[in-house]
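# Chains, contacts and geometry: an overview
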Amino acid sequence: MKPFNCIIIEDEPLALERTRGYVERTPGLHLVATFDNALEGLHHLQTQATDLLFLDINMDELSGLDLLRSTSFRGEVILTTAYQQYALEGYELNVTDYLLKPFTFERFLQAVNKARTKLEIATATPDPDFVFIKTENRLEKVMVADILYIEGMRDYRRIHTTEKRLMTLQNFGELEQLLPEHRICRVHKSYMVALAHIEAIERGRILITDQRIPISATYKERFFQLISGQS
């Protein structure tokens, strides 16, 4: 599944770096830009497609709430502020969530998951029954339900299915966009797995057929959200 594009508008340097770090730790989010000036951020929203906005309220020249009133932005908004009194006004502007500084990574993820759910509903399309994979000489039809796991091998990716194995030069980013994440997801820099074919999870390893696949820290949280039905 294609990552959701997000931006941060925040004029406090430390708060900006904290939010940037949280975004970069969260699978499924792609940080396009950050702005310490609300007017520059507003121009970006008016000219570039954005799915998710992290927005500070108290800024010079233009507050976060005034920015929302002055644009027809249709993505999801998570407000960040040190002042709780703006919460009601924020929700009247139909924001997704309201984070009171300093917020933890756990609280940040709760807000992101709310936004993710709304974005996924808004962009939902039927899952493909099959995809075409670029092999050396042709496009090979592969049934999504037959994929077991995908393994990185230097410049190549090896796709293991119930019927065969394929080698492709398509990178993991391309495969993540091609395949539905709630069925086949990234669990390691070198692996994607089909959730329906997982036999067991033990000691940080996923068992599929006779293969034990590691789960890395980068993808662990999102993976366990998916298998617990919290995607």
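Report on the accompanying structure. (Residues numbered from 1 in each chain as written. Predicted model: local features only at pLDDT ≥ 70, side-chain atom pairs only at ≥ 80, totals over all residues. Heavy atoms only, no water.)

## A closer look at empty space enclosed by the protein
Taken as a whole, this structure holds one cavity of 30 Å³ or more when the rule is applied. Estimated volume of the largest cavity: approximately 40 Å³. In this structure, the largest cavity is lined by Thr26, Pro27, Leu109, Asn113, Arg116, Glu221, Arg222 and Gln225. For the lining of the largest cavity, the secondary structure elements donating two or more residues are α5 (105-122) and α7 (217-227). Partitioning the lining of the largest cavity into residue classes produces two nonpolar, three polar and three charged. (1 Å grid on protein atoms, 1.4 Å probe; cavity = no way out; pocket = protein on both sides within 12 Å on 5 of 7 lines; lining within 4 Å. Points joined across faces, edges and corners; volume = space filled by probe spheres on them. Helix = DSSP H or I, 4+ residues; strand = E, 2+ residues; numbered from the N terminus. Nonpolar A, V, L, I, M, F, W, Y, C, P; charged D, E, K, R; others polar.)

## Digging into the pattern of salt bridges
By the definition in use, this model includes 13 salt bridges. The closest approach of N and O atoms between Glu140 and Arg138, which form a salt bridge, is 3.0 Å. By relative accessible area, which is 55% here, Arg138 ends up exposed. A salt bridge links Arg222 to Glu181; the shortest N-O distance between them is 3.0 Å. (Salt bridge = Lys/Arg side-chain N within 4 Å of Asp/Glu carboxyl O. Buried < 20%, exposed > 50% of the residue type's maximum accessible area, 1.4 Å probe, protein only.)

## Some remarks on the environment of Ile208
Structurally, Ile208 is set in strand β14 (residues 205-208). Relative accessible area serves as the criterion here: at 0%, Ile208 is assigned to the buried category. In this structure, the C-alpha to C-alpha distance between Ile208 and Asp97, residues 111 residues apart in sequence, is 38 Å. With near-sequence residues (within four places) excluded, Ile208 lies in contact with Leu148, Tyr149, Val193, Ala194, His197, Ile198, Glu199 and Ile213. (Contact = heavy atoms within 4.5 Å.)

## Let's talk about the side chain of Thr168
Within the secondary structure, Thr168 sits in strand β10 (residues 165-168). Taking relative accessible area as the criterion, Thr168 reaches 1% and is therefore assigned buried. In terms of polar contacts, Thr168 uses its side chain to reach the backbone amide nitrogen of Gln170, at 3.0 Å. Setting aside anything within four residues of it in sequence, one finds Thr168 in contact with Ile133, Lys134, Asp155, Tyr156, Arg157 and Ile159. (Polar contact = N/O pair within 3.5 Å; in protein donor to acceptor, adjacent residues only side chain to side chain.)

## Some thoughts on the sheet that holds strand β15 (residues 211-214)
With antiparallel pairing, the three strands of this open sheet are ordered in space as β13-β14-β15. Sheet topology places β13 (200-202) and β15 at the edges, where each strand pairs with a single neighbour. Strand-to-strand twist of the sheet, defined as the mean angle between neighbouring strand axes without regard to direction, takes the value 30°. (Pairing = 2+ DSSP bridges. Axes fitted to C-alpha atoms, helices over the stretch in contact; angles between N-to-C directions.)

## Points about a nonpolar patch on the surface
There is a patch of nonpolar side chains on the surface, built from Phe130, Phe132, Leu139 and Met143 and spanning about 380 Å² of accessible area. The set of elements that each furnish at least two residues to the nonpolar patch consists of β6 (130-134) and β7 (139-143). Within the secondary structure, Met143 is located in strand β7. (Patch = residues over 30% accessible without salt bridge, like charges linked within 9 Å, V, L, I, M, F, W, Y side chains within 5 Å. Areas by Shrake-Rupley, 256 points an atom, 1.4 Å probe, with all protein chains shown as cover.)

## Topic: unusual backbone geometry
In this structure, the amide linkage connecting Lys101 to the following residue, Pro102, adopts the cis form with an omega of -10°. Structurally, Pro102 can be placed in the loop between β5 (97-100) and α5. The backbone of Arg154 sits at a positive phi, close to 55°, despite the residue not being glycine. For Arg203, which is not glycine, the phi dihedral falls at a positive 55°. Along the chain, Arg203 turns up in the loop between β13 and β14.

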